[in-house]
Amino acid sequence: MDYAAISPGGQVICAYNEILSDGIHPVLYLLDKDGKANKMSFELPKEEGEQEAGQLSNIVTKLLFPGNDWALLQDGPGKVYQINVSDGSVKHIYELDSDTSVFEIHAVGNTLIAQDETQVLCYDLQTGEQKPSDEALNQGGSENGLFSAVDTLDSGESIYNLSRGGLYHYKFGGSVMEQLIDGNMNSLGAPAFYPIALAMIDEQNLLVAANDTNASSATGVCVLKYSYSADTPAKPDKELKLYSLYDNKEIRQSISRFQKEHVDVYVNYQAALSEENGMTVSDALKLLTTEIMAGNGPDVLLLDGMPVETYIEKGVLKDLSALFKESGGSYFENILNAYKDENGQMCAVPARFKIPMMQAGSAYFTPGEDFNTFMERKDTMANMQPKTVVEKFWYTCGAAWQKEDKTLDEAKITEFLAKLKNAYGEYDSSQQDDGMQMSVTMEGAGTEVEEDTGFSQGEFNLAYGKCNTNFGLYKSMDYGMQQAVNEKLENGSIDLMPGQADHVFVPFMVMGISSKSAQPEMAEEFVKYLFSQGAQKISQFGGFPVEREAFLSVIDGHQYEGKEDLIAVGGSDLDETLSYPMEPTPKEEIAKLTELVESLTTPALQDDVIKEAAVEEGEKVLKGEQSPEEGAAAIIQKVNLYLAE
């Protein structure tokens, strides 16, 4: 069953895909209140350009049953059909034209609401005619994003809608969309929370059905009741300022949980870099330094990509060692103490970490081999994008470039670029980035797209011979997938990625508290919470937890206990799929990965200004646009300017 919808009177329409000789066709069944099913006569017209046998004729993408006698169905191209339930005839067809995307649809009363990224359109479900444009509704949709669920209490004269900002109310023809619940203050705005449906009980009580990747239920589906509380302030008196260069889902999820437990605190989270503001890392760091020196800076710093060691030396960060003496948690001490100094001070502490890993057949990689041995082989990185190659090896090599005086070793960088160029070979200028970003959507979870440096991005390319090695930042364990890929290889194996530095890990979600914090006690309480077992078990696929029990919970595959199904994961081509059993991770593999984590000793260099210079100039070397010596000199020049500032 692909879709189902229930009417006010209790009938149900279900949509299935039926495989026939001429293709795949959606089929609708109507169930009465006693469960008796009858096939409906309605058929979707074939989509233009799909004439060959075996192709999809058209698909159902949304099904609504707002009236007892008629239903709404949206197809692949985005058309909406208003269907009479009794005979399957079409009452109205709504042509929703959009240059950007397919419209999301909702129905309240006699109004069809169709929304895309730029506008909200309304149609009269009695006449089929489009209603005049509603400026306030359009503005609310533009500011708050797509409506994930909609309901009404007055037969459609006004609507309640859920979007990324929380719960809103709007009366048609009105001048403003009113925010009733600020999503930043509760679970409605949590990154792991994907609302499915909204039911308004009355003006002060509502039900929300949602997919929550951190819910305790086996499927992740939950129903929550929200009630108005006159005693709870709309915005707490205490404000904690949190700053990062990049938006972080784990942090947002933790903020949501923390504020639920600390209703008197508002965590004001600001991520500096976005596509909208166009700010560079260097610009952001300059602005941050100015704010801190002026006493207006954040209380808590998420230090990923920042010059952590420089901040520690300059006294920007407060010692956090006392927090961990009191915590009682069991951590990977080698990760936790990544920035611990000789005096025992811990001014920056990673809450999570990633591991640079490599997978390949024996012809291209031997577990445990060093950087020089790996780079002597030809074609190890054939068909890979130069920029991605340089960025991934930056993590295992950058930590070896820094001298004791914090300047960079030009000879080491030249060696890095020369060996990388040797293994990469000649650049094929006709090669285009296929943009193959793999993602897996588990039942009850949202879709997580892998970033360019991620290990899982190249698994299908490796399995189907499009590349000879796969390497990148390993941040979650999928043992079944690893085995499925290895089975496609000649003596396939997976191990630590070679580099100029040994046993490297990438500190992630590195937390620090400003030595000039206006809320030092609350900042400590928040950071302490981030290292609690509950917060550590929150998973947005952003890295392994540093707390041991939480680490075990994200690698042991406990969610597969008792399951016998197979999960098929598709690649960029329908002929390239990998299937493996959904089973708990074998104990020996858990022990093996745990032992590997305990062997990690070298934190990757945290400074994205240096990384950006290395990636930019390194890409030119791999493309043959400059020599390794020229590339190294250019990196040194850029970094010296930055360090001088």
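Reading the values: the criteria
Residues numbered from 1 in each chain as written. Predicted model: local features only at pLDDT ≥ 70, side-chain atom pairs only at ≥ 80, totals over all residues. Heavy atoms only, no water. pLDDT = per-residue confidence, 0-100. Contact = heavy atoms within 4.5 Å. Core = buried A, V, L, I, M, F, W, Y, C linked by side-chain atoms within 4.5 Å. Buried < 20%, exposed > 50% of the residue type's maximum accessible area, 1.4 Å probe, protein only. Pairing = 2+ DSSP bridges. Helix = DSSP H or I, 4+ residues; strand = E, 2+ residues; numbered from the N terminus. Axes fitted to C-alpha atoms, helices over the stretch in contact; angles between N-to-C directions. Patch = residues over 30% accessible without salt bridge, like charges linked within 9 Å, V, L, I, M, F, W, Y side chains within 5 Å. Areas by Shrake-Rupley, 256 points an atom, 1.4 Å probe, with all protein chains shown as cover. Salt bridge = Lys/Arg side-chain N within 4 Å of Asp/Glu carboxyl O. Phe/Tyr/Trp six-rings, centres within 6.5 Å; stacked < 30°, edge-to-face > 60°. Lys NZ or Arg CZ within 6 Å of the ring centre and 35° of its normal. Parallel < 35°, antiparallel > 145°, perpendicular 65-115°, else oblique. Left-handed = near helix turned anticlockwise from the far one by under 90°. Nonpolar A, V, L, I, M, F, W, Y, C, P; charged D, E, K, R; others polar. Lys, Arg positive; Asp, Glu negative; His and termini not counted. Polar contact = N/O pair within 3.5 Å; in protein donor to acceptor, adjacent residues only side chain to side chain. Expected span 1.5 Å × (residues − 1).

### Section: the confidence of the model for the protein
Of all residues in the protein, 92% attain a pLDDT of 70 or more, and the chain-wide mean is 88. Here residues 433–450 scores under 50 on pLDDT; set against residues more than four positions off or in separate chains, the count is 44 contacts.

### Brief notes about the nonpolar core
Ranked by size, the top nonpolar core spans 128 residues in total, and within it I355, M381, F393, M511 and F531 carry the most contacts. F42, L44, L73 and I83 belong to the second largest nonpolar core, which has 16 residues in total.

### A look at the sheet that holds strand β7 (residues 80–84)
Sheet architecture is open: 4 strands sit in the order β5-β6-β7-β8, paired in antiparallel fashion. At either margin of the open sheet sits one strand with a lone partner, and together these are β5 (60–64) and β8 (90–94). Taken pair by pair, the neighbouring strands of this sheet meet at an average axis angle of 20°, ignoring direction. Where β7 and β8 come together, 4 bridges link them in antiparallel fashion. Each residue of the ladder has a partner; that of Y81, found in β8, is I93.

### What about the sheet that holds strand β2 (residues 12–20)?
One open sheet accounts for 4 strands, arranged β1-β2-β3-β4; its pairing is antiparallel. Sheet topology places β1 (3–6) and β4 (37–39) at the edges, where each strand pairs with a single neighbour. Taken pair by pair, the neighbouring strands of this sheet meet at an average axis angle of 30°, ignoring direction.

### A look at helix α1 (residues 135–144)
All of the buried residues along α1 are A136, L137, N138, G140, G141 and N144. Residues of α1 that are buried sit in contact with β10 (111–115), β11 (120–124), β13 (158–163) and β14 (166–171).

### Digging into a nonpolar patch on the surface
Together, I201, L207 and V223 make up an exposed nonpolar region whose accessible area comes to about 250 Å². Topologically, I201 is positioned in strand β16 (residues 193–202). Its relative accessible area of 45% is what places I201 among the partly exposed residues.

### What to know about the packing of aromatic side chains
For the structure shown, the criterion picks out 22 aromatic pairs. Ring centres 4.8 Å apart and planes at 85° place the aromatic pair F324 and F531 in the edge-to-face group. Here F324, found in helix α5 (residues 321–327), pairs with F531, found in the loop between α12 (520–530) and α13 (533–536); they are 207 residues apart in sequence, far enough to count as distant. For the residue pair F324 and F531, the accessibility class agrees, reading buried in each case. Aromatic side chains F374 and F393 sit 6.1 Å apart centroid to centroid with 35° between the ring planes, which places their arrangement in the tilted category. Here F374, found in helix α7 (residues 371–376), pairs with F393, found in helix α8 (residues 386–397); they are 19 residues apart in sequence, far enough to count as distant. We classify F393 as buried; its relative accessible area is 0%. Pairwise contacts between aromatic rings join F332, F353, F455, Y474, F544 and F551 into one cluster. Between the NZ or CZ atom of K354 and the centre of the ring of F508, over which it lies, the distance is 4.2 Å. Between K392 and the ring centre of F471, over which it is positioned, the NZ or CZ distance is 5.4 Å.

### Topic: the packing of helix α14 (residues 548–555) against helix α15 (residues 587–598)
Where α14 meets α15, the closest approach of the two axes is 11 Å, and the angle between their N-to-C directions is 135°. By the angle between their axes, α14 is oblique relative to α15. Note on packing geometry: the crossing formed by α14 with α15 is right-handed. The segment α14 lies against α15, with R548, F551, L552 and I555 engaging I590, L593, T594, V597 and E598. For the contact of α14 with α15, the class distribution of residues is 6 nonpolar, 1 polar and 2 charged.

### Thoughts on the side chain of D116
For D116, the location among the structural elements is in the loop between β10 and β11. This buried residue, D116, is left without a salt bridge; R164 holds the nearest opposite charge, at 12 Å. For D116, the side chain forms a polar contact with the main-chain nitrogen of T118, separated by 2.9 Å. Among the polar contacts listed, one links the side chain of D116 to the backbone nitrogen of Q119, at a separation of 2.9 Å.

### Describing the environment of P367
If you trace the backbone, P367 turns up in the loop between β22 (349–360) and α7. In this structure, the C-alpha to C-alpha distance between P367 and S493, residues 126 residues apart in sequence, is 7.2 Å. Once residues within four sequence positions are removed from consideration, P367 is found in contact with S493 and D495.

### Quick word on the environment of V621
Here V621 shows up in helix α16 (residues 608–622). Overall, the relative accessible area of 1% leaves V621 in the buried class. Here the alpha-carbon distance between V621 and G631, two residues 10 residues apart in the chain, equals 6.4 Å. With residues up to four places along the chain from it excluded, the contact list for V621 reads L417, K421, Q626, S627, P628 and G631.

### Examining helix α2 (residues 249–261)
Between its first and last C-alpha, α2 extends 19 Å over 13 residues, near the 18 Å set by a 1.5 Å rise per residue. The complete set of buried residues in α2 reads E250, I251, Q253, S254, I255, S256, F258 and Q259. The N-capping residue of α2, defined by a side-chain oxygen 3.0 Å from the backbone nitrogen of E250, is N248.

### Focus on the pattern of salt bridges
Overall, the coordinates contain 14 salt bridges when judged by the stated rule. Note that K171 and E157 form a salt bridge whose closest N and O atoms lie 3.6 Å from each other. Of this pair, K171 sits in strand β14 while E157 sits in the loop between β12 (149–151) and β13, placing them 14 residues apart in sequence. Given a relative accessible area of 46%, K171 falls into the partly exposed group. The residue E616 makes a salt bridge to K638 at a minimum N-O spacing of 3.0 Å. Separated by 22 residues along the polypeptide, E616 in helix α16 and K638 in helix α17 (residues 628–644) bring together distant segments of the chain. One salt-bridge network, held together by shared partners, links E616, E617, K620 and K638.

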